[in-house]
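Per-entry structural report
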Amino acid sequence: MVEVILIGAGDRGKDRYGAYIENHDHIRIIAVAEPNPMKREAVMKKHGISEEMGFESWEPLLEKEKFADGVIIATSDADHYLPTLEALKKDYHVLLEKPMSNRIEESIAIAEAEKKSKGQVLVCHVLRYTPLYQKLKALVSEGKIGKLQSIQHNENIGYYHFAHSFVRGNWRNTTESSPLILAKSCHDMDILYWLADSPCKSIQSFGHLSHFHKGNSKGFERCSECAYTDSCPFATKKIYTTLNMWPTSTITPDQTPDGVHHALMNGPYGRCVYHCDNDVVDHQVTTMCFENQVTATFNLCAFTNDISRTIKLMGSEGTIKVKDAKNEIILQRFNEPAEIIIPDVVQGGHGGGDVGIMNAFSQLLMGKKNQSLTNGETSLMSHLMSCAAETSRLKHKIVDIEEYKTNI
Ligand SMILES: NC(=O)c1ccc[n+]([C@@H]2O[C@H](COP(=O)([O-])OP(=O)(O)OC[C@H]3O[C@@H](n4cnc5c(N)ncnc54)[C@H](O)[C@@H]3O)[C@@H](O)[C@H]2O)c1
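Residues numbered from 1 in each chain as written. Predicted model: local features only at pLDDT ≥ 70, side-chain atom pairs only at ≥ 80, totals over all residues.

Now for the overall build of the protein. When you go through the protein residue by residue, the secondary structure sums to 14 helices and 15 strands. In summary, the protein has a C-alpha radius of gyration of 21 Å against a globular reference of 22 Å for 408 residues, a match within 12%. Structurally, the protein occupies a C-alpha span of about 65 × 60 × 45 Å along its principal axes. Looking at the protein as a whole, 47% of its 408 residues are labelled buried. (Helix = DSSP H or I, 4+ residues; strand = E, 2+ residues; numbered from the N terminus. Rg over C-alpha atoms; globule rule 2.2 N^0.38 Å. Buried ≥ 20, exposed ≤ 12 C-beta atoms within 10 Å, placed from the backbone.)

So, in structure tokens, the structure goes:
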């Protein structure tokens, strides 16, 4: 049995990692830091945490001598850095939500601090821990398509997911959280880096906020006042339909019909999508070249019906197509019949990645053979790629990653 501290009891901390811990006997939460009393008390009740181990913030918890095996840090993007540094100073292993930080210099500092600590940072790049992506990586590593040459990768965010998270919600504003490509796609940069099996050399990106702005407003500031909710795909009555289920579960801890109604009438998630303080792009394309000459294109887009990732890998002896929403890999070796591969299905978020990373974190805490595939240093590359892509988009230039890193 291993014991962990939970910092940040929101959707990820309480409802994803907390839910895993509830369903597994080998790990338990012994202390929690969370400013929202409803969320904090819910975790304390569910996990049997004593009164003196519930805190409003992480500082008093991490001031104490090390008293647990690990720390889960699931605060919002701008609040990862300081608790991670403190946890590493105390030699805790850390499960750290992505991005490591919304500031690249802080992500670099986390990777540096890890080198001085006995603790390891496992960044929640959960896709690496799914059977689908592990199978994909194995096929490429085994040379099933010869030598990998190029990758086309699409991240289909889904129109309602985009409206919820990136127009009305937590990741709508670059200054408060992160640019879209870091917040949403450091996962994808990490997958591209992992598959290419080589550091990224240079990157170029274009993108705009073309749709979700006041220029498209019909004059209503809130959905509750609007005359067009029947025809608008982003109307709250179409998105927030099921209590205790994402995304409704994230808009208020009070998941009663009255609680949700109150949040939609008064809170940020009841705003018209054309009347928010959002500034992150709603579509972005990025091209990149890795040091081993593998090239990649990445298309990140709000305007899709489904939430999915689709990838095509092109190698010297064949291609692989992936549709993660269908849990399907199609391997086509040149001049041979195509093979359809359906990887194992693991229940839980991100195609089993949430469970996979918690299994890996548990193994790390138990001191068993370390199955975790990453550490802070490995995860840093995806953050450099994301931030360099954003610099490219803003400055209209190709960015050399080494040069970018040197000038931070
Ligand atoms: N790995 C993934 O695939 C994935 C998916 C979604 C979100 N995320 C990341 O997970 C993180 C959390 O996202 P979320 O959706 O759970 O957000 P959230 O807002 O639901 O949860 C964050 C929680 O941190 C709490 N908090 C704020 N200040 C605190 C402090 N000083 N001490 C302790 N707790 C504090 C907030 O009250 C909130 O409950 C973000 O960085 C996000 O980008 C990762």
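The structure having been displayed, the exposition proceeds.
With that settled, consider the site of the ligand. Around the ligand, 27 residues are found, and the nearest of them are Gly-8, Gly-10, Asp-11, Arg-12 and Glu-97. Split into classes, the residues belonging to the shell around the ligand amount to nine nonpolar, 10 polar and eight charged. In this structure, the shell around the ligand is formed jointly by two domains, domain 1 (2–125) and domain 2 (128–212 + 278–406), each of which donates at least three residues. (Near = placed C-beta within 6 Å. Nonpolar A, V, L, I, M, F, W, Y, C, P; charged D, E, K, R; others polar. Domains from an automatic or database assignment.)

For the rest of this paragraph, the subject is helix H6 (residues 131–141). Taken together, the buried positions of H6 are occupied by Leu-132, Tyr-133, Leu-136, Leu-139 and Val-140. One side of H6 carries all its buried residues, which in axial view fall inside an arc of 120°. Exposed side of H6, more than 90 degrees from the buried face: Ala-138 and Ser-141 are the residues found there. One or two residues past the end of H6 sits Gly-143, with phi positive at roughly 75°. (Arc of directions from axis to C-beta.)

Let us now look at helix H2 (residues 37–47). For H2, the complete set of buried residues consists of Lys-39, Arg-40, Val-43 and His-47. Looking down the long axis of H2, one finds its buried residues gathered within 100° of arc, a one-sided arrangement. What points out from H2, more than 90 degrees from its buried face, is the exposed set Pro-37 and Lys-45. Those residues of H2 that are buried lie in contact with strand S1 (2–7), helix H1 (11–22), strand S2 (27–33) and strand S3 (54–55). At the exit of H2 stands Gly-48, carrying a positive phi of roughly 60°. (Contact = placed C-beta atoms within 7 Å.)

Let us look at the nonpolar core. Membership of the largest hydrophobic core comes to 112 residues, with the highest contact counts inside it found for Val-94 and Met-385. At eight residues, helix H9 (residues 186–196) tops the list of elements feeding residues into this core. The residues touching Met-385, leaving out its near neighbours within four places in the chain, are Met-189, Tyr-193, Cys-200, Ile-203, Met-288 and Ile-401. (Core = buried A, V, L, I, M, F, W, Y, C linked by C-beta atoms within 7 Å.)

Moving on: the environment of Lys-321. Its location among the elements puts Lys-321 in strand S12 (residues 318–323). Between the C-alpha atom of Lys-321 and that of Ile-340, which follows or precedes it by 19 residues, the distance is 9.6 Å. The contact partners of Lys-321, leaving out residues within four places of it in the chain, are Lys-312 and Ile-330.

What follows concerns the environment of Tyr-274. Structurally, Tyr-274 can be placed in the loop between helix H11 (257–266) and strand S9 (283–290). A sequence separation of 60 residues divides Tyr-274 from Lys-214, and the C-alpha atoms of the two residues are 4.9 Å apart. For Tyr-274, the contacting residues outside a window of four places in its chain are Phe-212, His-213, Lys-214, Asn-216 and Ser-217.

Another aspect to go through is the domain arrangement of the protein. For an interface, size is often stated in terms of accessible area lost upon the parts coming together. Assigned domains of the protein: these are domain 1 (2–125), domain 2 (128–212 + 278–406) and domain 3 (214–270). If you average the C-alpha positions of domain 1 and of domain 2, the two centres end up 25 Å apart. Contacts between the two partners involve 29 residues from domain 1, matched on the other side by 31 residues from domain 2. Elements that contribute at least two residues to the side of domain 1 that touches domain 2 include exactly H1, strand S5 (93–96), helix H5 (104–116) and strand S6 (121–123). The biggest single contributor to the side of domain 1 that touches domain 2 is H5, with six residues. Its residues placed into classes, the side of domain 1 that touches domain 2 shows 16 nonpolar, eight polar and five charged.

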